[in-house]
Amino acid sequence: MSLAQKFSSIGLNRDYSELDFQSLSPDIQGWGSTNLVFQRAFELVKPRIVFEVGSWKGASLCHMAGIAKTMDLPTEFICIDTWLGSNDTLWINPEFRKSLMLKGGYPTMFRQFIRNIHDQNIQDRVYPLPMTSSAAYHLLKRLGITPDLVYVDAGHEEEEVRTDLNLYYSALRPGGAIFGDDYSAAWPGVVGAVNRFAADNSLLLATGAGKFFMQKPAGTQAAPT
Ligand SMILES: C[S@@+](CC[C@H](N)C(=O)[O-])C[C@H]1O[C@@H](n2cnc3c(N)ncnc32)[C@H](O)[C@@H]1O
């Protein structure tokens, strides 16, 4: 079954015609979304399926999709996000809060993500999954979808990053890689969780420019599905 068929089976047919997104202008704002680590990850793994855990407006997604296009890879992207700004900073900072597009007290920024992927003409390769990262992990496991590459940039508290790393590393195919954002003094929860995860799993941890990167050994047994 193709990814499109698997997503259709859970009611996600990627028909956005009922969503008011055409009235928005493209706004591809992100954080460290064009770092060189994306290019390196694609060169190393040549991913068929990428999970992005935390997409916001799609800046890092658009960059990765551009790399895939340049490399002529048929990469498909599963974007996991509540699109509720599930991070205190995104609510407290007035500029970021504006991006949430609150309507009646509820975020509607998913429309901006959809606007942006249409602007970049990558909507056919993108599968948004609007739920928490842990719910998405379990659902994707039940659908039998294995990523080659996972970009982790959702919750930034230590317990959130620890959970995302544990879940999504277990989902990753042997030889695949997991990497993410905000490995920096400003985000001690990310640093703590990543350091602990790498040590516990005896993984080589590469860091720099606020990113972290770990590859799953090719001989590792895949998680049972
Ligand atoms: C830092 S932003 C992602 C930025 C994006 N990767 C980029 O570079 O443009 C974090 C996103 O993670 C989402 N998020 C936070 N915690 C989450 C969780 N537990 N499950 C799903 N999404 C979550 C937020 O809604 C937000 O859109």
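Everything below is about the structure shown above.
Being a predicted model, the structure only gives us computed values, none of them experimental. (Residues numbered from 1 in each chain as written. Predicted model: local features only at pLDDT ≥ 70, side-chain atom pairs only at ≥ 80, totals over all residues. Heavy atoms only, no water.)

(A) Representation of the overall build of the protein chain. The helix and strand inventory of the protein chain stands at 9 helices and 9 strands. Its C-alpha atoms give the protein chain a radius of gyration of 17 Å, within 12% of the compact-globule value 17 Å for 225 residues. C-alpha extents for the protein chain along the principal axes are approximately 50 × 40 × 30 Å. Going through the 225 residues of the protein chain one by one, you find that 49% of them count as buried. For the protein chain, long-range pairs separated by at least 24 residues make up 79% of all intrachain contacts whose partners lie at least 6 apart in sequence. Summed over its atoms, the accessible surface of the protein chain is roughly 10,700 Å², and 52% of this surface lies on carbon and sulfur atoms. Each charge class in the protein chain can be summarised by its mean position, and for the 20 positive and 23 negative side chains these summaries are 4 Å apart. (Helix = DSSP H or I, 4+ residues; strand = E, 2+ residues; numbered from the N terminus. Rg over C-alpha atoms; globule rule 2.2 N^0.38 Å. Buried < 20%, exposed > 50% of the residue type's maximum accessible area, 1.4 Å probe, protein only. Contact = heavy atoms within 4.5 Å. Areas by Shrake-Rupley, 256 points an atom, 1.4 Å probe, with all protein chains shown as cover. Lys, Arg positive; Asp, Glu negative; His and termini not counted. Charge placed at Lys NZ, Arg CZ, Asp CG, Glu CD.)

(B) The arrangement of the site of the ligand in detail. As a structural note, the neighbourhood of the ligand is formed by 22 residues, with Gly 54, Ser 60, Asp 81, Ser 133 and Asp 153 the closest of them. Here Thr 82 contributes a backbone N or O atom positioned 3.3 Å from a nitrogen atom of the ligand. Ser 133 has a polar backbone atom sitting 2.9 Å from a nitrogen atom of the ligand. For the ligand, the accessible surface in isolation is 610 Å², of which the surrounding protein chains cover 95%. Because more than half of its atoms lie within 2 Å of the grid, the ligand is assigned to the largest pocket. (Near = heavy atom within 4 Å. Polar contact = N/O pair within 3.5 Å; in protein donor to acceptor, adjacent residues only side chain to side chain. 1 Å grid on protein atoms, 1.4 Å probe; cavity = no way out; pocket = protein on both sides within 12 Å on 5 of 7 lines; lining within 4 Å. Sits in = over half its atoms within 2 Å of the grid points.)

(C) Quick look at empty space enclosed by the protein. All chains considered together, the criterion is met by 1 cavity of 30 Å³ or more. When its volume is computed, the largest cavity comes out at roughly 40 Å³. Lining the largest cavity are Val 152, Asp 153, Ala 154, Gly 155, His 156, Val 161, Asp 181, Val 190 and Phe 212. Split into classes, the residues belonging to the lining of the largest cavity amount to 5 nonpolar, 2 polar and 2 charged. (Points joined across faces, edges and corners; volume = space filled by probe spheres on them. Nonpolar A, V, L, I, M, F, W, Y, C, P; charged D, E, K, R; others polar.)

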